[in-house]
Amino acid sequence: MSQIHFVGAGQMAEAIIRAALSRKAVSARDITLADIDPERITRLRERYQLSSTHSEIDALAAADYIVIGVRPQDDIDGVARHIGQYASPQATIISIIAGVTLERLATLFGATRPIVRMIPNTLTDTGYGYSGVVFNQQVEAEPLMPFLESFGKVMLLEERLIDAFTGFAVAGINYVYYFIESLADAGVLSGLSRPQATKVVWENLVGGVEMLKISDKHPRQLMDINNSPAGVGINGLYELNNSDFAAGLQRSVMTAVRRTTELSGH
Ligand SMILES: NC(=O)C1=CN([C@@H]2O[C@H](COP(=O)(O)OP(=O)(O)OC[C@H]3O[C@@H](n4cnc5c(N)ncnc54)[C@H](O)[C@@H]3O)[C@@H](O)[C@H]2O)C=CC1
Ligand SMILES: O=C(O)[C@@H]1CCC=N1
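These numbers were taken from a predicted model, which means no experiment stands behind them.

Reading guide: rules and limits
- Residues numbered from 1 in each chain as written.
- Chains lettered and ligands numbered in written order.
- Predicted model: local features only at pLDDT ≥ 70, side-chain atom pairs only at ≥ 80, totals over all residues.
- Pairing = 2+ DSSP bridges.
- Helix = DSSP H or I, 4+ residues; strand = E, 2+ residues; numbered from the N terminus.
- Axes fitted to C-alpha atoms, helices over the stretch in contact; angles between N-to-C directions.
- Contact = placed C-beta atoms within 7 Å.
- Near = placed C-beta within 6 Å.
- Nonpolar A, V, L, I, M, F, W, Y, C, P; charged D, E, K, R; others polar.
- Buried ≥ 20, exposed ≤ 12 C-beta atoms within 10 Å, placed from the backbone.

Colleague: Would you explain the sheet that holds strand β5 (residues 115-119) in this entry?
Modeller: Whenever strands of a sheet pair, they do so through backbone hydrogen bonds, lying parallel or antiparallel. Taking strand neighbours across the sheet as the criterion, the seven strands line up as β2-β1-β3-β4-β5-β6-β7 in an open arrangement whose pairing is mixed. The strands lining the two open edges of the sheet, one partner per strand, are β2 (31-34) and β7 (153-156). Adjacent strand axes in the sheet meet at a mean angle of 25° when their direction is disregarded. The pairing of strand β1 (residues 4-7) with strand β3 (residues 65-68) spans four bridges and is classified as parallel. Note on β3: the bridge partner recorded for V7 is I68. The sheet contacts of helix α6 (residues 141-148) involve β1, β3, β4 (92-95), β6 (130-135) and β7, and relative to β6 the element is tilted by about 160°.

Colleague: Where do I start with the site of ligand 1 in this structure?
Modeller: Lining the immediate environment of ligand 1, one finds 27 residues, of which G8, G10, M12, D74 and A98 sit closest. Of all the secondary structure elements, the ones that give two or more residues to the shell around ligand 1 are α1 (11-22) and α4 (76-86). If you tally residues by element for the shell around ligand 1, the top one is α1, at three residues. A per-class count over the shell around ligand 1 returns 15 nonpolar, six polar and six charged.

Colleague: Just to check I follow, could you spell out the environment of L148 for this structure?
Modeller: Along the chain, L148 turns up in helix α6. Taking the number of C-beta atoms within 10 Å as the measure of exposure, L148 has 21 and is therefore buried. On a C-alpha basis, the gap between L148 and A28 in space is 16 Å, while along the polypeptide they are 120 residues apart. Leaving out residues up to four positions away in the same chain, L148 has contacts with S131, V133 and V154.

Colleague: Would you explain the environment of V100 in this entry?
Modeller: For V100, the position within the fold is in the loop between β4 and α5 (102-109). Counting along the chain gives 53 residues from V100 to R47, while the straight-line C-alpha distance between them is 30 Å. Once residues lying within four places of it in the same chain are set aside, the contact partners of V100 are P72, I76, S95, L105 and S264.

Colleague: So what exactly am I meant to see when it comes to helix α2 (residues 38-47) here?
Modeller: Burial analysis of α2 places just one of its ten residues in the buried class, a small minority of the element. Positive backbone phi, approximately 50°, marks Q49, located one or two places after α2.

These figures capture arrangement, not role.
Here it is as structure tokens:
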């Protein structure tokens, strides 16, 4: 099996490791870690029983895939210099850093190196959620796919779309969590208990998606069935329309997309 070395063993690296191990896409002895915070290494090695005995430099030299899990604001230049010094020239770089382009990654890691720019989703443990992925020309995709697909569905993208994908698709689960919280609050406000309200919201959410799949209808058509003339539903929707709900949501996504692009400037 391939050796996978993580540089930056934060939340996202951990989520990837947990999912990849549970789907048996990697084995615990083939995962190695580097982080400026030694506690992160100790904690993840213990938690996931990562048993490699390689030193950090040996691990880097042995790696087939190097996942860069530091943040856009971190010292990416320093990380790249260190990797360039010890990694095999054939090792594939997998950058999960929001906003950092293939062009910049090629400058950092070398124009002949296989590089993947990807933005994983935090739904790693569920089997749901898309990662956005772009390969440069040197990447041999086939052997890499089982690992990439172990922590999210893979959506191959043109690179021009990946910032939009980051702000919309990956940051997008925020809106779902926030919507669930806000709607459950509405249930409590109208008199249901918190557990009752939460059950109803979860069921409506999953049921709504299922209904869209089964019926092959546009959401607006299903809403039409749910709203009788001068009835309960349309009165509620009228109030929601007054709140700028749709445009507020869309402005929020566009702000997240802009922020992704801004971060590439670091
Ligand atoms: N959290 C999320 O929802 C998602 C995050 N991402 C991307 O994943 C990356 C990591 O995000 P998180 O895991 O949330 O951040 P985090 O802050 O939890 O993890 C970053 C880790 O990198 C370490 N680090 C910093 N500088 C380092 C260096 N020079 N050498 C080695 N390690 C270093 C830190 O100590 C920390 O453990 C970011 O670039 C982010 O854009 C991508 C998709 C989703
Ligand atoms: O906010 C963040 O940094 C990450 C990147 C995309 C979604 N969440």
